[in-house]
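Coordinate analysis (summary)
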Amino acid sequence: MKQTADHTAYSGHTELHLMETCAHRYNRHIVNIFKAELHDKGKYHIVDFGAGIGTLSLIYQTICAPVQTDHRIACVEIDSQNQRELNTRNFSTYTQLDQIPGPIDGIFSSNVLEHIADDRQILKDFYDRLCAGGRMVLYLPAWPVLYSDMDEIFGHYRRYEKGDIVEKCAAAGLRVERIFYCDFMGFLASFGLKIFGYNKLVNAKSLRFYDQYIFPLSLFFDSLGMRNFLGKNIVVVAEKPSR
């Protein structure tokens with residue numbers, strides 16, 4: 001099994017810290033999606049695939065662990081600098097899915113599969129490691145038309161379309177239960193990145209402004225039904241059939 005990203009030269013360690021400190025609402029919303037589809041569905045042996053420095057795992061653990069005593073989360077991360085930080089945060093850290101002992105009944109992954117050339121193989125690996133009835137939740141960049149210098153800087157192979165990721169999940173044996181867009185205003189903001197460039201627009205101040213003022217507005221539009229039509233990201237919820 002190979003579950004490694006191909007773009008290992010750029011770890012984005014600084015950007016991970018920037019997102020952790022400046023995007024509290026954004027991060028919490030992603031984790032709330034994961035919690036609703038995993039913990040609230042009785043899935044407690046969880047993998048954070050491509051965990052980075054553990055930002056989302058920390059939030060997930062804080063929300064879920066006090067409620068469920070047998071809750072367990074394992075982090076898969078290939079970057080050595082990120083691994084060291086995960087270890088200081090007391091997470092069980094692995095470089096490969098097949099290194100994780102015991103059953104896995106839930107996997108979440110945020111903005112990771114786009115870094116991997118053979119994402120079909122990763123989805124098949126998810127299927128192989130999940131228990132029957134296990135669930136997978138992905139948070140992915142959407143719309144190839146939004147591909148910009150940001151994607152190139154971060155080493156993205158692609159941005160996803162709904163039909164593309166549904167077909168890839170089905171080919172891996174995973175049954176997609178729900179798929180929807182997230183962050184309507186982010187779709188519009190991404191055009192700004194495409195026109196003006198990532199380095200000119202993204203910094204701590206702009207991230208805090210977006211998180212405090214724009215993202216709540218984005219969630220409002222999402223709740224009105226825009227998540228069925230448009231958004232910066234795609235959320236995919238899939239299950240490994242019991243039989």
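What counts, and where the lines are drawn
Residues numbered from 1 in each chain as written. Predicted model: local features only at pLDDT ≥ 70, side-chain atom pairs only at ≥ 80, totals over all residues. Heavy atoms only, no water. Axes fitted to C-alpha atoms, helices over the stretch in contact; angles between N-to-C directions. Helix = DSSP H or I, 4+ residues; strand = E, 2+ residues; numbered from the N terminus. Parallel < 35°, antiparallel > 145°, perpendicular 65-115°, else oblique. Left-handed = near helix turned anticlockwise from the far one by under 90°. Contact = heavy atoms within 4.5 Å. Nonpolar A, V, L, I, M, F, W, Y, C, P; charged D, E, K, R; others polar. Phe/Tyr/Trp six-rings, centres within 6.5 Å; stacked < 30°, edge-to-face > 60°. Buried < 20%, exposed > 50% of the residue type's maximum accessible area, 1.4 Å probe, protein only. Lys NZ or Arg CZ within 6 Å of the ring centre and 35° of its normal. Arc of directions from axis to C-beta. Polar contact = N/O pair within 3.5 Å; in protein donor to acceptor, adjacent residues only side chain to side chain. Pairing = 2+ DSSP bridges. Right-handed = clockwise from strand over helix to strand, strands pointing away.

This paragraph deals with the packing of helix 2 (residues 24-37) against helix 3 (residues 55-64). Where helix 2 contacts helix 3, the axes come no closer than 9 Å and their chain directions differ by 60°. Comparing their axes, helix 3 and helix 2 come out oblique. Crossing geometry of helix 2 relative to helix 3 is assigned as right-handed. Across from Asn27, Arg28, Ile30, Val31, Asn32, Phe34 and Lys35 in helix 2, the residues of helix 3 making contact are Thr55, Leu56, Ile59, Tyr60, Ile63 and Cys64. Class assignment for the residues of the contact of helix 2 with helix 3 results in 8 nonpolar, 3 polar and 2 charged.

A word on the packing of aromatic side chains. Scanning the entire structure with this criterion turns up 11 aromatic pairs. Residues Phe49 and Phe126 carry aromatic rings whose centres are separated by 5.0 Å and whose planes lie at 80° to one another, so their mutual orientation is edge-to-face. On the criterion of sequence distance, the pair formed by Phe49 in strand 1 (residues 45-49) and Phe126 in helix 5 (residues 119-129) is long-range, its members being 77 residues apart. For the residue pair Phe49 and Phe126, the accessibility class agrees, reading buried in each case. An aromatic cluster of three or more residues is present, and its members are Trp143, Tyr181, Phe187 and Phe191. In this structure, Arg227 is placed above the aromatic ring of Phe180, and the distance from its NZ or CZ to the ring centre is 4.7 Å. Lys240 extends its terminal NZ or CZ atom over the ring of Tyr127, reaching a point 4.5 Å from the ring centre.

With that out of the way, let us pick up helix 4 (residues 80-88). Inspection of helix 4 places Asn82, Gln83, Glu85 and Leu86 among the buried residues, and these make up the whole buried set. The buried residues of helix 4 occupy an angular sector of 165° when projected down its axis, which confines them to one face. Turned more than 90 degrees off the buried face of helix 4, the exposed positions are Arg84 and Thr88. Those residues of helix 4 that are buried lie in contact with helix 1 (13-22), strand 2 (72-76) and strand 3 (92-94). Where helix 4 begins, the capping side chain belongs to Asp79, and its oxygen is found 3.2 Å from the backbone nitrogen of Gln81. Asn90 sits one or two positions beyond helix 4 and adopts a positive phi of about 65°.

Among the 5 residues in strand 2, 4 count as buried, and that is most of the element. In the sheet, strand 1 pairs with strand 2 via 5 bridges, with the strands oriented parallel. Counterpart to Ile46 in the pairing with strand 2 is Ile73. Across 3 bridges, the pairing between strand 2 and strand 3 is parallel. Considered in strand 3, the bridge of Cys75 is made with Thr93. Once the chain exits strand 2 it traverses helix 4 before rejoining the sheet at strand 3, and the crossover so formed is right-handed.

A sheet is described by the order of its strands in space; here 7 strands give the open sequence 3-2-1-4-5-7-6, paired in mixed fashion. Pairing within the sheet leaves two strands with one partner each, and these edge strands are strand 3 and strand 6 (175-182). Averaged over all adjacent pairs, the angle separating strand axes in this sheet is 20°, with direction ignored. As paired elements, strand 6 and strand 7 (residues 233-239) share 7 bridges and run antiparallel to each other. Directly across from Cys182, in strand 7, lies its bridge partner Asn233. In this fold helix 2 packs onto strand 4 (104-110), strand 5 (130-141), strand 6 and strand 7, with an angle of close to 155° to the strand it touches most, strand 5. The strands that helix 5 touches are strand 1, strand 4 and strand 5; relative to strand 5, the one it contacts most, it runs at about 150°.

That is the geometry; function is a separate question.
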